[in-house]
Amino acid sequence: MLPWVVRLCGASLQGLDPAVEEAAKNLGARPWTVFWRITLPAIRPGLVAAALLGGVISFGNLEMSLFLVGPGQTTLPIAILQYLQWKIDPTVAAVSVLQIVLIALALLVIDRFVRLSRVV
């Protein structure tokens, strides 16, 4: 997950034009003002896409959930696995459809901020 987040954030930072920041500094803007009004809006699509992609990837990672979850805690992938061990009914299919819908919504939000047609 981390390599994808770093890659998206790095691509967003690489596309940032330093001349715009330099122009804002030359016109008297303070460093925090430059960051909040110029740098952050320019890299926001990459940050949002990295956060959403990281969340989607980690949401369905069963193996990592099994090894990293603490005692007394249950994540959704572990709950689905435990449910499948004892019962077989359409509840798991409904949860899977819900996951697919959430991932599709996340992709739409990413497309809104990043425009996947530009990237692909």
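Residues numbered from 1 in each chain as written. Predicted model: local features only at pLDDT ≥ 70, side-chain atom pairs only at ≥ 80, totals over all residues. Heavy atoms only, no water.

A.B. asks: Explanation requested: the overall build of the chain in the structure shown.
C.D. replies: A tally of helices and strands in the chain yields seven helices and zero strands. Of all 120 residues assigned to the chain, the portion counted as buried reaches 18%. Partitioning the contacts of the chain with sequence separation of at least 6, the portion at a separation of at least 24 is 49%. (Helix = DSSP H or I, 4+ residues; strand = E, 2+ residues; numbered from the N terminus. Buried < 20%, exposed > 50% of the residue type's maximum accessible area, 1.4 Å probe, protein only. Contact = heavy atoms within 4.5 Å.)

A.B. asks: Before we go on, may I ask you to explain the UniProt feature "transmembrane region" (unreviewed entry) in the chain in this structure?
C.D. replies: Per the UniProt record, the feature "transmembrane region" (unreviewed entry) sits at residues 47-70 and 90-110. Along residues 90-110, the helical share is 95% and the strand share 0%, with 30 Å between the first and last C-alpha atoms. (UniProt positions renumbered as here; feature names shortened; annotations may be inferred.)

A.B. asks: Explanation requested: the side chain of Ser12 in the structure shown.
C.D. replies: Tracing the backbone through its elements, the reader meets Ser12 in helix 1 (residues 2-14). Judged by relative accessible area, which is 15%, Ser12 ranks as buried. Apart from residues no more than four positions distant in its own chain, Ser12 is found in contact with Ala42, Ile43 and Gly46.

A.B. asks: Help me understand the packing of aromatic side chains, please; the structure alone is not making it clear to me.
C.D. replies: To describe a pair of aromatic rings, one takes the distance between the centres and the angle between the planes. Scanning the entire structure with this criterion turns up two aromatic pairs. Taking the centre distance of 6.1 Å and the plane angle of 90 degrees together, the rings of Trp32 and Phe35 count as edge-to-face. With Trp32 and Phe35 both in helix 3 (residues 31-59), this residue pair falls three residues apart, about one helical turn. Classification of Phe35 by relative accessible area gives partly exposed; the value is 32%. Ring geometry for Phe35 and Trp36: centres 5.5 Å apart, planes at 80 degrees, overall edge-to-face. In this structure an aromatic cluster arises from ring pairing among Trp32, Phe35 and Trp36. Directly above the ring of Trp4 sits Arg7, whose terminal nitrogen or CZ lies 5.4 Å from the centroid. (Phe/Tyr/Trp six-rings, centres within 6.5 Å; stacked < 30°, edge-to-face > 60°. Lys NZ or Arg CZ within 6 Å of the ring centre and 35° of its normal.)

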